[in-house]
Protein chains: 2
Amino acid sequence: MPDGVIEPKRGRKFDQVLAGARQVFLDDGFEGASVDEIARAAGVSKATLYSYFPDKRMLFMEVARTECARQAENAMDTIDMDADVAQVLHRIGHEIVAFITSRFGKRIFRTCVGESDRFPELGREFYDSGPKLVRDKIVGFFQIAIGRGELQIDDLTLAADQFHELCKADIFPRVVFNMTEEFTDAERKRVVDGAVAMFLARYGT
Amino acid sequence: MPDGVIEPKRGRKFDQVLAGARQVFLDDGFEGASVDEIARAAGVSKATLYSYFPDKRMLFMEVARTECARQAENAMDTIDMDADVAQVLHRIGHEIVAFITSRFGKRIFRTCVGESDRFPELGREFYDSGPKLVRDKIVGFFQIAIGRGELQIDDLTLAADQFHELCKADIFPRVVFNMTEEFTDAERKRVVDGAVAMFLARYGT
DNA sequence: TCACTTATAAACTGATCAGTTTAGTTGTTG
DNA sequence: CAACAACTAAACTGATCAGTTTATAAGTGA
């Protein structure tokens, strides 16, 4: 066995199952998705699916974990922490808005919340692999900016949480209660500009 | 038929059914609650239950509507709009935190979010009979305070939404992702004080 | 070719649950 | 008492669905 490459976890169809599951879970949520449907979407038999994953929940967890990490990473990696404070906040704000209004963001949030009773570890799993990373990144940025004398903050984590929440004003309830499908650039700008202005009024120097 | 009193909607057991449904839905959510369980909790036969409500969804809607209105009303009615701005904001902030950390708040939110696919009108129903009322109340207060020269706000609804979101900083994710059961007074105070300070830094005169 | 692994379709099991039906009980009113 | 309404327990229907089993096929490596 040459083992030059990391072997695909088990069997050839592992990724195929995951991809099918991702699609169906994102369309239908956890309870809404049937395993037969997932198997069909994955182009795989149900027996094969169950040879990779012990049950539906574990399959869902795998999908959620993988996707969250992917999303949070490449959202935050695009941001240049050396830029002007207002500019960085604008960029972060727009990333946050983009996430909560995205298909994936809506879906994963809804499912985590809705299923959190029958699935208690899911919430924390999601939080740690998504929002938490973003918060840490924001706190890191605050420290840099404070060092530069551009911000003045005593409670760093509170400030990060406040900024995050500010970016959800107006938009979040409309998303979460299924009241608006798409948001215009103007709507996004209004909220992010408002968040940055408020944040700087409080913590700017 | 003397009709001196408004007759109880239909039959004697209407309220009994509603009370049972309220209890079980609040414990188990919509999908988690079984109609048999509701009937048992209400001390009523299933047939009787179905003589009052055409199906489970309508029963849930009735419970949600009734409860939301009740909650939103008596939360906001306790607030004296003539007091000092900072004081009013503190009171409103604590009411908001109290709601989102309450058993009812958690439960209704989770259910609305989780069920919003198979139940699209539920989200708006909830929003209109709860958060919307609060927002209108806050906007009303802003207008008074602006008249008094104590606040300076151009986009009133955005400001109201911002304040609402600020009061959820830190607490909301911990509630929604099932990470914290109870919050101390210190935790609540930290968030509400932070929200008021930030709000006044931006909009205070 | 043989042995082994991985896959497949399809039938099956067992459970849950919304909503209906049935056959009978209770309470009220005239 | 008779008629009627509201109510009851319990069985039933019909559907969904997670997870298993069976019997079979296809690819691979020695």
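Residues numbered from 1 in each chain as written. Chains lettered and ligands numbered in written order. Predicted model: local features only at pLDDT ≥ 70, side-chain atom pairs only at ≥ 80, totals over all residues. Heavy atoms only, no water.

Per an unreviewed UniProt entry, the recorded name for chain A is TetR family transcriptional regulator, and the organism is Yoonia sediminilitoris.

This brings us to the layout of surface pockets. The volume enclosed by the largest pocket comes to roughly 540 Å³. Lining the largest pocket are 30 residues; nearest its centre among them are B:Phe99, B:Ile100, B:Phe126, B:Pro131 and B:His164. Those elements that provide at least two residues to the lining of the largest pocket are helix H10 (171–176) of chain A together with helix H4 (56–76), helix H5 (85–101), helix H6 (103–114), helix H7 (120–129), helix H8 (131–147), helix H9 (156–166) and helix H10 (171–176) of chain B. Of all the elements, H4(B) adds the most residues to the lining of the largest pocket, at six residues. Each residue belonging to the lining of the largest pocket can be placed in one class, and the counts come to 19 nonpolar, five polar and six charged. Its volume calculated, the second largest pocket comes out at about 240 Å³. (1 Å grid on protein atoms, 1.4 Å probe; cavity = no way out; pocket = protein on both sides within 12 Å on 5 of 7 lines; lining within 4 Å. Points joined across faces, edges and corners; volume = space filled by probe spheres on them. Helix = DSSP H or I, 4+ residues; strand = E, 2+ residues; numbered from the N terminus. Nonpolar A, V, L, I, M, F, W, Y, C, P; charged D, E, K, R; others polar.)

What follows is about the nonpolar core. Counting residues in each nonpolar core, the largest one holds 74 residues, and the members touching the most others are A:Phe142, A:Phe199, B:Phe142 and B:Phe199. Contact partners of A:Phe142, with chain neighbours within four places excluded, come to A:Leu89, A:Leu151, A:Ile153, A:Leu156, A:Ala159, A:Ala160 and A:Phe199. Grouped together as the second largest cluster of nonpolar side chains are 70 residues, A:Ile108, B:Phe25, B:Val35 and B:Val113 included. (Core = buried A, V, L, I, M, F, W, Y, C linked by side-chain atoms within 4.5 Å. Buried < 20%, exposed > 50% of the residue type's maximum accessible area, 1.4 Å probe, protein only. Contact = heavy atoms within 4.5 Å.)

Right, let's get into unusual backbone geometry. The phi torsion of most residues other than glycine is negative, and most of the peptide bonds are trans. Here A:Asn178, not a glycine, exhibits a phi torsion of approximately 60°, which is positive. Along the chain, the position of A:Asn178 falls in the loop between H10 and helix H11 (185–203).

With 43 residues of chain B at the interface, the matching set in chain A holds 43 residues. Interface area lost by chain B to chain A is led by B:Glu165, B:Phe177 and B:Met198, which between them contribute 18%. Along the contact surface separating chain B from chain A lie two salt bridges. Of the charged contacts, one joins A:Arg190 and B:Asp155 as a salt bridge, the two residues approaching to 2.6 Å between their closest N and O atoms. Summed over the shared surface of chain B and chain A, the result is ten residue pairs in polar contact (both at pLDDT 80 or more). Elements with a minimum of two residues in the side of chain B that touches chain A: helix H1 (14–32), H6, H7, H9, H10 and helix H11 (185–203) of chain B. (Buried area = accessible area lost by both parts, 1.4 Å probe. Salt bridge = Lys/Arg side-chain N within 4 Å of Asp/Glu carboxyl O. Polar contact = N/O pair within 3.5 Å; in protein donor to acceptor, adjacent residues only side chain to side chain.)

Looking now at the pattern of salt bridges. Within the structure shown, the criterion is met by 40 salt bridges over all chains. As a salt-bridge pair, A:Arg148 and A:Glu150 come within 2.7 Å of each other at their nearest N and O atoms. Residue class for A:Arg148 comes out partly exposed when judged on its relative accessible area of 34%. A relative accessible area of 28% places A:Glu150 in the partly exposed class. Beyond isolated ion pairs, a larger network of salt bridges with shared partners links A:Asp155, B:Asp170, B:Arg174, B:Glu187 and B:Arg190.

Moving on: the UniProt feature "DNA-binding region" (unreviewed entry) in chain A. Per the UniProt entry, the sites bearing "DNA-binding region" (unreviewed entry) are residues 34–53 of chain A in this numbering. Annotated as residues 34–53 of chain A, this span is 75% helix and 0% strand, and its ends, taken at the C-alpha atoms, are 15 Å apart. (UniProt positions renumbered as here; feature names shortened; annotations may be inferred.)

Before going further, it helps to examine the packing of helix H5 (residues 85–101) of chain A against helix H8 (residues 131–147) of chain A. All names here are of chain A. Contact geometry for H5 and H8: axes closest at 11 Å, N-to-C directions at 175°. By the angle between their directions, the pair H5 and H8 is classed as roughly antiparallel. On the side of H5, the interface is formed by Val85, Val88, Leu89 and Ile92, while H8 contributes Ile138, Phe141, Phe142 and Ala145. (Axes fitted to C-alpha atoms, helices over the stretch in contact; angles between N-to-C directions. Parallel < 35°, antiparallel > 145°, perpendicular 65-115°, else oblique.)

A word on the protein's contact with DNA strand D. Near DNA strand D lie 16 residues; those nearest to it are A:Val35, A:Lys46, A:Lys56, B:Thr48 and B:Tyr52. Sugar and phosphate atoms represent 69% of those atoms of DNA strand D found within 4 Å of the protein. Within the backbone of A:Val35, one N or O atom sits 2.9 Å away from a phosphate oxygen of DNA strand D. At a separation of 2.8 Å, a phosphate oxygen of DNA strand D approaches a polar side-chain atom of A:Lys56. Class assignment for the residues of the surface near DNA strand D results in seven nonpolar, four polar and five charged. (Near = heavy atom within 4 Å.)

Turning next to the environment of A:Met76. Structurally, A:Met76 can be placed in helix H4 (residues 56–76). Leaving out residues up to four positions away in the same chain, A:Met76 has contacts with A:Ile92, A:Glu95, A:Val134 and A:Lys137.

Moving on to empty space enclosed by the protein. Taken as a whole and assessed by the stated rule, the structure comprises three cavities of 30 Å³ or more. Approximately 470 Å³ is the volume attributed to the largest cavity. Around the largest cavity, the lining is made up of 31 residues, and of these A:Phe99, A:Ile100, A:Phe126, A:Pro131 and A:His164 lie nearest the centre. Those elements that provide at least two residues to the lining of the largest cavity are H4, H5, helix H6 (103–114), helix H7 (120–129), H8, helix H9 (156–166) and H10 of chain A together with H10 of chain B. One number sums up the size of the second largest cavity: a volume of about 40 Å³. Taken together, A:Glu31, A:Gly114, A:Glu115, A:Arg118, B:Glu31, B:Gly114, B:Glu115 and B:Arg118 make up the lining of the second largest cavity. For the lining of the second largest cavity, a count of residues per class yields no nonpolar, two polar and six charged.

With that out of the way, let us pick up the protein's contact with DNA strand C. Within the structure, DNA strand C sits among 16 residues, and A:Thr48, A:Tyr52, B:Val35, B:Lys46 and B:Lys56 are positioned closest to it. In DNA strand C, atoms within 4 Å of the protein come from the sugar-phosphate backbone in 69% of cases. For DNA strand C, a phosphate oxygen lies 3.2 Å from a polar atom in the side chain of A:Lys13. A:Thr48 is positioned with one of its side-chain polar atoms (N or O) 2.3 Å from a phosphate oxygen of DNA strand C. Elements with a contribution of two residues or more to the surface near DNA strand C: helix H3 (46–52) of chain A together with helix H3 (46–52) of chain B.

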